[in-house]
Amino acid sequence: MLTERGRRKTWHMLRYYFFLSKQVPETVGHNPLAASAYTLLFCFYILMIVTGLTLYSTAAPHGILFKLFGWVQVLFTTQGVRLVHHISLYFIFGFVVNHVYSAWLMDIKQHGAEISSMFSGYRFTVHKEED
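I will try to describe carefully the structure that is included in this document. What you see is a predicted model; the values in this text were computed from it and never measured. (Residues numbered from 1 in each chain as written. Predicted model: local features only at pLDDT ≥ 70, side-chain atom pairs only at ≥ 80, totals over all residues. Heavy atoms only, no water.)

1. Notes on the side chain of S88
Inference 1: Assignment of secondary structure puts S88 in helix α4 (residues 78-110).
Inference 2: S88 gets classed as buried once you look at its relative accessible area, which sits at 1%.
Inference 3: Apart from the residues within four sequence positions on either side, S88 is in contact with F44, L47 and M48. (Helix = DSSP H or I, 4+ residues; strand = E, 2+ residues; numbered from the N terminus. Buried < 20%, exposed > 50% of the residue type's maximum accessible area, 1.4 Å probe, protein only. Contact = heavy atoms within 4.5 Å.)

Have a look at this one:
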């Protein structure tokens with residue numbers, strides 16, 4: 001669970017990403033909104049693996065994979081599993097597009113942030129007193 005300070009930083013970052021605020025929230029490393037997005041991305045990876053192995057197991061209905069992942073087809077139809085797998089692909093693709101945009105935006109706004117540090121090996125930070 002996020003702390004009160006973390007929730008406040010998440011809200012400020014969300015407002016900045018939706019162009020409701022012009023002030024860049026100061027963070028070192030990833031912000032709490034990014035941490036939440038990475039957690040959600042990890043869940044989508046797990047969902048993709050489970051549904052992918054379930055779809056693959058339908059080729060051999062008496063194999064070991066079907067015994068391990070056949071329960072997913074009991075909960076959903078094969079077409080439902082395929083739909084969840086396909087929709088998850090678009091969420092992951094959307095995350096990649098957003099991630100590249102966010103990293104580029106923060107690099108421009110924070111001068112020497114995410115992308116620049118990958119190439120230079122250095123990251124410059126300025127310590128500011130918080131409210």
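2. Let's talk about the packing of aromatic side chains
Inference 1: Inspection of every chain in the model, using the stated rule, returns two aromatic pairs.
Inference 2: Between Y38 and F95, the aromatic rings sit 5.6 Å apart at their centres with planes inclined by 65 degrees, giving edge-to-face as the arrangement. Here the residue Y38 occupies a position in helix α2 (residues 32-57), and F95 occupies one in helix α4, the gap between them amounting to 57 residues. (Phe/Tyr/Trp six-rings, centres within 6.5 Å; stacked < 30°, edge-to-face > 60°.)

3. Focus: unusual backbone geometry
Inference 1: Although it is not a glycine, F19 sits at a positive phi angle of roughly 60 degrees.
Inference 2: Judged by its relative accessible area of 65%, F19 falls in the exposed class.

4. Regarding the pattern of salt bridges
Inference 1: Taken as a whole and assessed by the stated rule, the structure comprises one salt bridge.
Inference 2: Between R7 and E4 there is a salt bridge; the shortest N-O distance is 3.1 Å. A residue pair is termed a helical-turn pair when its members lie 3 or 4 positions apart in one helix, as R7 and E4 do in helix α1 (residues 4-17) at three residues. (Salt bridge = Lys/Arg side-chain N within 4 Å of Asp/Glu carboxyl O.)

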